[in-house]
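Observations on the model geometry
For reference, the chains in residue letters:
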Amino acid sequence: LEEIAEAAAQGGSNGLLIPLDEALAAYPAIRVSEANAGKIRNGLRLRTQQLGVSQAAEGDFFRLYDAEGLLCLGSVILDEAGTPVMKLEKTFFN
C-alpha cells in the first residue's frame, strides 16, 4: 500500500495496479440479462441454468456481467435440494 500511495503522490501508479477484469480473467465470464442483473443486485441466488451455465460444480467461480460491465463475482453452491445456484461473493456495481 505504501508503494501505491507513493506512486499516486508522484502522479501515477502505472504498472502497480491492473484492471479488475484482468485480475479475475481466470474465472469464466457470464453475461446476464437485465432482469437477472436486478435479481442479483437484490441478493437473490439464481440457479446456474438460469444464467446459461449447463455444467457447474460446487466451488466454481464466475465473473458476471450486465449491460454496463462487471457486476459481481459469484460462486456455485448447492441449495437444499442439491441444485447448483450462484452465490454472490463480491459486488462491483454502484
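All of the points below concern the structure found in this document. Because the structure is predicted, anything quoted here is derived from the model rather than measured.

**Regarding the overall build of the protein**
- When helices and strands are tallied, the protein shows three helices and five strands.
- Order of helices (α) and strands (β) in the protein, N terminus to C terminus: α-α-β-α-β-β-β-β.
- In terms of overall size, the protein is more extended than a compact globule, its C-alpha atoms giving a radius of gyration of 16 Å where 94 residues would be expected to give roughly 12 Å.
- Projected onto its principal axes, the C-alpha positions of the protein cover 55 × 25 × 20 Å.
- Per-residue burial for the protein yields a buried fraction of 29% across its 94 residues.
- Considering only contacts within the protein whose residues lie at least 6 apart along the sequence, 44% involve residues at least 24 apart.

**Focus: the packing of aromatic side chains**
- On inspection of all chains with the given rule, the structure shows one aromatic pair.
- Ring geometry for Tyr27 against Phe61: centres 5.5 Å apart, planes inclined by 45 degrees, an arrangement best described as tilted. Placement of the pair is Tyr27 in the loop between helix H2 (20-23) and strand E1 (29-31) and Phe61 in strand E3 (residues 61-66), with a sequence separation of 34 residues.

**Topic: the side chain of Asn36**
- Summarising the element assignment, Asn36 is placed in helix H3 (residues 34-41).
- A relative accessible area of 11% means that Asn36 is categorised as buried.
- Each residue touching Asn36, except ones within four places of it in the same chain, is listed here: Leu46, Gln50 and Leu51.

**Examining the pairing of strand E5 (residues 84-91)**
- Two strands pair when backbone bridges link them, and strand E2 (residues 46-47) and E5 are joined in this way by two bridges, in the antiparallel orientation. Pairing of Leu46 across the sheet is with Met86, part of E5.
- Pairing of strand E4 (residues 69-78) with E5, which is carried by seven bridges, proceeds in the antiparallel orientation. Counted as the bridge partner of Gly74 is Leu88 from E5.
- Taken together, E4 and the strand that follows it, E5, pair antiparallel across an intervening segment of five residues, in which Gly82 is found at a positive phi of about 85 degrees.

**So, the nonpolar core**
- Counting 13 residues, the largest nonpolar core has Ile30, Val32, Ile40, Leu51, Phe62, Leu64 and Met86 as the members making the most contacts within it.
- Listed by contribution, the elements that provide at least two residues to this core are H3, E3 and E4.
- By residue number, the principal contributor to this core is E4, which donates three residues.
- Ignoring anything within four residues of it in the chain, the contact list for Phe62 reads Tyr27, Pro28, Ile30, Val53, Ala56, Cys72, Leu73, Gly74, Val76 and Met86.

Here is what the cut-offs are and how they apply
Residues numbered from 1 in each chain as written. Predicted model: local features only at pLDDT ≥ 70, side-chain atom pairs only at ≥ 80, totals over all residues. Heavy atoms only, no water. Helix = DSSP H or I, 4+ residues; strand = E, 2+ residues; numbered from the N terminus. Rg over C-alpha atoms; globule rule 2.2 N^0.38 Å. Buried < 20%, exposed > 50% of the residue type's maximum accessible area, 1.4 Å probe, protein only. Contact = heavy atoms within 4.5 Å. Phe/Tyr/Trp six-rings, centres within 6.5 Å; stacked < 30°, edge-to-face > 60°. Pairing = 2+ DSSP bridges. Core = buried A, V, L, I, M, F, W, Y, C linked by side-chain atoms within 4.5 Å.

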